[in-house]
Amino acid sequence: MGTLMTVLAFGTVGFVAVFAYMNARATERLKDDPSHKPSSLCVKSGHWQAAGQ
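Let me sum up the structure you'll find in this document. (Residues numbered from 1 in each chain as written. Predicted model: local features only at pLDDT ≥ 70, side-chain atom pairs only at ≥ 80, totals over all residues. Heavy atoms only, no water.)

Taken together, the side chains of Met1, Leu4, Met5 and Leu8 present a nonpolar region at the surface, about 480 Å² in accessible area. Tracing the chain through its elements places Met5 in helix α1 (residues 2-32). (Patch = residues over 30% accessible without salt bridge, like charges linked within 9 Å, V, L, I, M, F, W, Y side chains within 5 Å. Areas by Shrake-Rupley, 256 points an atom, 1.4 Å probe, with all protein chains shown as cover. Salt bridge = Lys/Arg side-chain N within 4 Å of Asp/Glu carboxyl O. Helix = DSSP H or I, 4+ residues; strand = E, 2+ residues; numbered from the N terminus.)

Summed over all chains, the structure comprises one aromatic pair. With centroids separated by 6.1 Å and ring planes inclined at 15 degrees, the aromatic side chains of Phe15 and Phe19 adopt a geometry described as stacked. With Phe15 and Phe19 both in helix α1 and four residues apart, the pair spans about one turn of that helix. (Phe/Tyr/Trp six-rings, centres within 6.5 Å; stacked < 30°, edge-to-face > 60°.)

In structure tokens form, the structure reads like this:
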């Protein structure tokens, strides 16, 4: 039973690590994509630039 719990624990940690890595890569691709419209919460968006003037 102890071996099963160890395998499940490391399997879960491994899955979370791979999932986090994939999401980080997707976020980096979106940040570098000039055709991607930024969120209105982003400081660089047109919404905040228009409000500051």
